[in-house]
Amino acid sequence: MNADHLRSKQDREISRQLMEVKEVRRINEMIEKREAEGPMGTRRRLLATSVRLSRGMAPWLHDMADDCIEKLGVEIPTELYVYSSPTYNAACVKPEDGRLFIMFSSSLLEAFDESELKFVMGHELGHYLYGHHDIPIGYLLKGKPRPSPKLALQLTTWSRYAEISADRAGAHCAQDSIGVARSLFKLASGLSGKLVKFNIEEFMQQVDEMQTEDAEPGQGAPQEDWFMTHPFSPLRVRALRLYDHSVLAKKDGNSVEELEAGVQVLMTLMEPSYLEGRTDSAENMRRLLFAAALSVANANGEISEKEIAVFEKFFGKRSFNEDLNLDRLEQDLTDRVAQVKATSTVAQRMQVVRDLCTVARADNKINTEELDVITSIADELEIPAHFVDQAMALEVKLD
Ligand SMILES: [Zn+2]
């Protein structure tokens, strides 16, 4: 069976949008023209600089490849290569003449066990299966003229979701969630596992700590993260944990909608916060946060010093003053919610709700009135109630 259904929803959607972008189409037309003139030389370069692992040389690796290819339903002749490198790495390049090439670094082949390798192999095959080569991200990011920041951001955001899809394909091939996590640990640390005992819970803990840091009011992901093409490894492990608990990996798992929402929350850890954005949708969300934060703070009839302090961390010093017309802002809330709903994604709306929870937590106690206000706003924004519960817990855990 084809494993197309495992592909991340965001990968699918953003890639569809990117295929319509003028610059992307222009580069693709250029590549197509060049390909029509003859092979791009990929295979020749591989034959010259790497070693092709034939079935006779590495029957065990070919058996694994056969298994992965069958599990994913990939239909294309595949050649396997190894190149000399102390860095654990693997890659899959765009097919040439109807042949797909997967290459592994020598150190990876020697240090990874069967599950770990199957994950890597399935991941690379996933890139092919999901058409990730259709978006020439390398050409676009490195080409001249450089893409606009908006396009660069869209490309790198897509690329991170493409990695999530490929990871799911890899996990589907390995059928061993601990082996998969260990594989990502080895890739991230460069360790072979001989010296350090791998602990999946502690590795994932790194995400919780990132989240705790980002949950500081007004704090988003640092700008250098926005343009990274790969999600951080602990995030990938967490995203895979959500996948393992979903109906895509087991019969009685969580729905695909829940899975994708959870993954989007994780990925916001590498995305710009709406508090800094200059788009209409960011402006709408700030306006909503402004009115809703005051309404949450005022839920029990008075706004405390600590609540004012948090509010000012979001909106700047002296943004709060006694003259703010709280009644009017509260009446305006419904309109602001509607504007946000019309212009933002679920993940962005989740960010607003998360920030509201931060305001409610300001004085270290959450009262029912505050919770009621947040729950009803979340409900109008069509954010699942369990998200509020999670965001309310001081340590935001996702599963
Ligand atoms: Zn990849």
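Residues numbered from 1 in each chain as written. Predicted model: local features only at pLDDT ≥ 70, side-chain atom pairs only at ≥ 80, totals over all residues. Heavy atoms only, no water.

(A) Representation of the pairing of strand 4 (residues 99-105) within the structure. For strand 4, the tally of buried residues reaches 6 of 7 residues, placing the bulk of the element in the interior. Bridge count for strand 2 (residues 78-83) against strand 4 is 6 bridges, and the pairing is parallel. The partner of leucine 80 across the bridge, within strand 4, is isoleucine 102. Summarising the sheet, strand 3 (residues 90-96) and strand 4 pair through 5 bridges and their orientation is antiparallel. Bridged to glutamate 96 within strand 4 is arginine 99. (Buried < 20%, exposed > 50% of the residue type's maximum accessible area, 1.4 Å probe, protein only. Helix = DSSP H or I, 4+ residues; strand = E, 2+ residues; numbered from the N terminus. Pairing = 2+ DSSP bridges.)

(B) Representation of the sheet that holds strand 4 in the model. On the basis of which strands lie adjacent, the open sheet formed by 4 strands has the order 1-2-4-3 and mixed pairing. The open sheet has two edge strands with one neighbour each: strand 1 (51-52) and strand 3. This element, helix 6 (residues 114-129), spans strand 2, strand 3 and strand 4 of the sheet and lies at about 145° to strand 4. (Contact = heavy atoms within 4.5 Å. Axes fitted to C-alpha atoms, helices over the stretch in contact; angles between N-to-C directions.)

(C) Highlighting the coordination of the zinc ion. Around the zinc ion, the protein contributes the donor atoms His123 (NE2), His127 (NE2), Glu163 (OE) and Glu163 (OE), at 2.1 to 2.8 Å from the metal centre. Coordination at the zinc ion is irregular: its 4 donor atoms span angles of 51 to 129° at the metal. Mapping the donors of the zinc ion onto the primary sequence yields the spacing H-x3-H-x35-E. Taken together, the positions of histidine 127 in helix 6 and glutamate 163 in helix 8 (residues 149-174) put the pair 36 residues apart, joining distant regions of the chain. Judged by its relative accessible area of 13%, histidine 127 is buried. By relative accessible area, which is 5% here, glutamate 163 ends up buried. (Donors = N, O, S within 2.8 Å, 3.2 Å for Na, K, Ca; no water. Tetrahedral: all angles 85-135°; square planar, octahedral: opposite > 155°, others 65-115°.)

(D) Just the pattern of salt bridges, in detail. Inspection of the entire model under this criterion finds 21 salt bridges. The shortest N-O distance in the salt bridge between glutamate 79 and arginine 43 comes to 3.1 Å. A residue pair is termed long-range when its members are at least 10 positions apart, and glutamate 79 in strand 2 and arginine 43 in helix 3 (residues 42-49) qualify at 36 residues. Grouping residues by exposure puts glutamate 79 and arginine 43 together as buried. The residue glutamate 283 makes a salt bridge to arginine 286 at a minimum N-O spacing of 3.0 Å. Note that glutamate 283 and arginine 286 are positioned in helix 14 (residues 280-297) at a spacing of 3 residues, about one turn of the helix. With a relative accessible area of 38%, glutamate 283 lands in the partly exposed category. Residues joined by salt bridges that share partners form a network here, namely Arg43, Arg52, Glu79 and Arg99. (Salt bridge = Lys/Arg side-chain N within 4 Å of Asp/Glu carboxyl O.)

(E) Representation of unusual backbone geometry within the structure. The residue after lysine 144, namely proline 145, is reached through a cis peptide bond having omega -5°. Along the polypeptide, proline 145 turns up in the loop between helix 7 (137-142) and helix 8. Here the phi dihedral of aspartate 97 falls at roughly 50°; this positive angle occurs in a residue that is not glycine. Among the structural elements, aspartate 97 can be located in the loop between strand 3 and strand 4. A relative accessible area of 62% means that aspartate 97 is categorised as exposed. Phi is positive for glutamate 382, which is not a glycine, with a value near 60°. Within the secondary structure, glutamate 382 is located in the loop between helix 18 (368-380) and helix 19 (385-392). Given the relative accessible area of 54%, glutamate 382 is considered exposed.

(F) Inspection of the nonpolar core at higher detail. Residues Leu18, Leu61, Phe104 and Met121 are the most contacted members of the largest nonpolar core, which totals 72 residues. The element that contributes the greatest number of residues to this core is helix 8, accounting for 10 residues. Residues in contact with methionine 121, not counting those within four places in the same chain, are Leu61, Met64, Ala65, Cys68, Leu80 and Phe104. If you look at the next biggest cluster of nonpolar residues, it comprises 42 residues, including Tyr274, Phe290, Leu329 and Val337. (Core = buried A, V, L, I, M, F, W, Y, C linked by side-chain atoms within 4.5 Å.)

(G) Region of interest: the confidence of the model for the chain. Per-residue confidence for the chain gives a mean pLDDT of 87, with 94% of residues at or over 70. Low confidence marks residues 394-399, where pLDDT is under 50. Its contacts with residues over four positions away, or in another chain, come to 19 contacts. (pLDDT = per-residue confidence, 0-100.)

(H) Structural context of the domain arrangement of the chain. Here the domain parsing of the chain yields domain 1 (4-270) and domain 2 (280-392). Relative to domain 2, the C-alpha centre of domain 1 lies at a distance of 37 Å. (Domains from an automatic or database assignment.)

(I) A look at the packing of helix 4 (residues 59-72) against helix 6. Axis separation between helix 4 and helix 6 bottoms out at 10 Å; the angle between their running directions is 50°. With respect to helix 6, the axis of helix 4 lies oblique. Where helix 4 crosses over helix 6, the handedness of that crossing is right-handed. Residue-level contacts link Trp60, Leu61, Met64, Ala65, Asp67, Cys68, Ile69, Lys71 and Leu72 of helix 4 to Glu114, Leu117, Lys118, Met121, Gly122, Leu125, Gly126 and Leu129 of helix 6. Tallied by class, residues from the contact of helix 4 with helix 6 come to 11 nonpolar, 2 polar and 4 charged. (Parallel < 35°, antiparallel > 145°, perpendicular 65-115°, else oblique. Left-handed = near helix turned anticlockwise from the far one by under 90°. Nonpolar A, V, L, I, M, F, W, Y, C, P; charged D, E, K, R; others polar.)

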